[in-house]
Amino acid sequence: MADFKSLLRELPAVDRLLREPPLEDKMRHLPRRLVLQAAQETIASYRRRISDYSSLDTPPESPVQINLSPAALAEEAALLAEKKAGLNLKSVINATGIIIHTNLGRVALAPSVVDAVTAAAANYNNLEFSLDTGERSSRQEHLENLLCELSGAEAAVVVNNNAAAVFLALNTLASGREAIVSRGQLVEIGGSFRIPEIMAASGARLVEIGTTNKTYLRDYEAVVNENTAAFLKVHTSNYHMIGFTAEVETEELAALAERCRLPLVEDLGSGVFLDLAEYGLPPEPRVQDSIAAGADLVTFSGDKMLGGPQAGIIVGRRDLVSAIRKNQLARTLRIDKLTVAALEATLRLYFDRARVLEEIPVWSMLTVSPEELRRRAGKLAEKLSLLVEDGRVEVIEGISRVGGGALPTAELPTFLVALTPPKGDSPPAVVSRLRREDPPVILRLQQDRLLFDPRTVREEEEEALIGAVGRACGKHLDG
Ligand SMILES: *Cc1c(COP(=O)(O)O)cnc(C)c1O
């Protein structure tokens, strides 16, 4: 084995590396500190590699093969410096077929919504200023009327996200008192939103009733007392029970709430304004139906099925909404001007259903026809097969998912492009190279095949996707 100490001595020093042309060039264009860091980290990583090899009994690869020339290290450090200087949060291509993908930023906004956000970001605006009276106004005013028209509610307020909406509603109405929830609705969403925990944090005391699979109106009636402050109904958006189940409908529970003079808060999760059944999808409760059924407050997310920005929307009775607005905590959970701009522009699209389906990506992805998906998969497969010489590319039938904890049982039929990498290249290695591409491509790996779902890839992204696959899959079998 080559002498460990002599290899370490061979490692170039930082200032030697910085004199190499690729790093000299980066020094001129990028912050000095970043380039220096990149050089130091590159040398450190080689030092680790050398010591790792030297600690092995039988090195799998002779350490002598490591190229320690300043030119080689500088090349690598220059790439690292470039990466450090770039934005860490970047656009990726979602080829997973999961429409609401929380890890990938949930949803993309409609183009007109993006324009509204850009304008709000670039300029001063009338966020809290009335152009009619010249006086101070509320940022909520840009949204409240639209939300009331769409939902039929009297009043509305928007906060940071739906978790905040539920928290704030409970904190305002039931802090120090009791809120009644069915055991079948004590859900956990996305790993950190759990109804019992949110309730505890809000100061409300959870009173669980019924059983996991069956809860009746009499279960609610039995526990109402002078300490009861609210009924909470939670849409079990991310799981479905089958078999013998019973749940109390919003209308029935609202009638009981009214008799008891207590508010009914309904957390819808996704919250939709359109009727999903019309598009062959499993039903999802609509916001306007819950309001019409008598729910006093309804909460839902801005960035799930609505297809807008992250936000928690609360619609309902004026007196309750106004109490929520006055809660000191509302200020800590308030939305910023970019959210106001994005949400207003998104909501305006809902007054014209054709525009929702055409412009809001969630809805065009949900409702795109199988024939169109087959056509796009075919086109993509044709182009990819030209790039992947020894691999196999075919179009197969598959399933896309709504995601985001919405419609967990919905299986949307789709056509996938299935790519088997050339022999000698490992599929997980290709997946990881695609993840490091520019733009990164995120996809599914099933057995030894890479699956691209055209449903979540917009047509304007196709060229970039093909380029990335060409680079990741084409000729570099060296990993
Ligand atoms: C998603 C969801 C939440 C949390 O909403 P966020 O906007 O992600 O905070 C709360 N309740 C239900 C029922 C949900 O589906």
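Residues numbered from 1 in each chain as written. Predicted model: local features only at pLDDT ≥ 70, side-chain atom pairs only at ≥ 80, totals over all residues. Heavy atoms only, no water.

Observations regarding a positive patch on the surface
At step 1: Taken together, the side chains of Lys 83, Lys 90, Arg 435 and Arg 436 make up a positively charged region of the molecular surface.
At step 2: Relative to the assigned elements, Lys 90 resides in the loop between α5 (70–85) and β1 (93–94).
At step 3: Overall, the relative accessible area of 46% leaves Lys 90 in the partly exposed class. (Patch = residues over 30% accessible without salt bridge, like charges linked within 9 Å, V, L, I, M, F, W, Y side chains within 5 Å. Areas by Shrake-Rupley, 256 points an atom, 1.4 Å probe, with all protein chains shown as cover. Salt bridge = Lys/Arg side-chain N within 4 Å of Asp/Glu carboxyl O. Lys, Arg positive; Asp, Glu negative; His and termini not counted. Charge placed at Lys NZ, Arg CZ, Asp CG, Glu CD. Helix = DSSP H or I, 4+ residues; strand = E, 2+ residues; numbered from the N terminus. Buried < 20%, exposed > 50% of the residue type's maximum accessible area, 1.4 Å probe, protein only.)

Examining the site of the ligand
At step 1: Neighbouring the ligand are Arg 106, Asn 161, Asn 162, Ala 163, Ile 189, Phe 193, His 235, Ser 237, Asp 267, Gly 269, Ser 301 and Lys 304.
At step 2: Between the ligand and Asp 267 there is a distance of 2.6 Å, counted from a nitrogen atom to a side-chain nitrogen or oxygen.
At step 3: The separation between an oxygen atom of the ligand and a polar side-chain atom of Lys 304 is 2.8 Å.
At step 4: Taking 380 Å² as the accessible area of the ligand by itself, protein coverage stands at 94%.
At step 5: Its residues assigned to classes, the shell around the ligand comprises 3 nonpolar, 6 polar and 3 charged. (Near = heavy atom within 4 Å. Polar contact = N/O pair within 3.5 Å; in protein donor to acceptor, adjacent residues only side chain to side chain. Nonpolar A, V, L, I, M, F, W, Y, C, P; charged D, E, K, R; others polar.)

Let's talk about the side chain of Arg 433
At step 1: Relative to the assigned elements, Arg 433 resides in helix α19 (residues 427–435).
At step 2: Classification of Arg 433 by relative accessible area gives buried; the value is 14%.
At step 3: Within the structure, the side chain of Arg 433 is placed 2.6 Å from the backbone oxygen of Ala 472, a separation counted as a polar contact.

Let's talk about the pattern of salt bridges
At step 1: This model, assessed by the stated rule, comprises 34 salt bridges.
At step 2: Between Glu 128 and Arg 139 there is a salt bridge, with its nearest N and O atoms 2.8 Å apart. Of this pair, Glu 128 sits in the loop between α6 (111–122) and α7 (141–151) while Arg 139 sits in the loop between α6 and α7; the two residues are 11 residues apart in sequence, bridging distant segments of the chain.
At step 3: A residue is classified by how much of its surface remains accessible, and Glu 128, at 24% relative accessible area, is partly exposed.
At step 4: Among the salt bridges present, the one from Asp 296 reaches Arg 317, with a minimum N-O distance of 3.1 Å. Residue Asp 296 is located in the loop between α12 (287–292) and β10 (297–301), and its partner Arg 317 is located in the loop between β11 (312–316) and α13 (318–326); the two are separated by 21 residues in the primary sequence.
At step 5: You can call Asp 296 buried: its relative accessible area is 11%.

With respect to the domain arrangement of the chain
At step 1: What the domain assignment lists for the chain is domain 1 (4–84), domain 2 (93–101 + 365–472) and domain 3 (111–356).
At step 2: With centres defined by C-alpha atoms, the gap from domain 2 to domain 3 works out at 35 Å.
At step 3: Per-residue buried area on domain 2 facing domain 3 is highest for Ile 100, Leu 407 and Pro 408; these three make up 43% of the total on that side.
At step 4: Our count for the domain 2 to domain 3 interface comes out at 0 salt bridges.
At step 5: On inspection of domain 2 and its partner domain 3, the count reaches 0 residue pairs in polar contact (both at pLDDT 80 or more).
At step 6: Class assignment of the residues belonging to the side of domain 2 that touches domain 3 gives a composition of 8 nonpolar, 4 polar and no charged. (Domains from an automatic or database assignment. Buried area = accessible area lost by both parts, 1.4 Å probe.)

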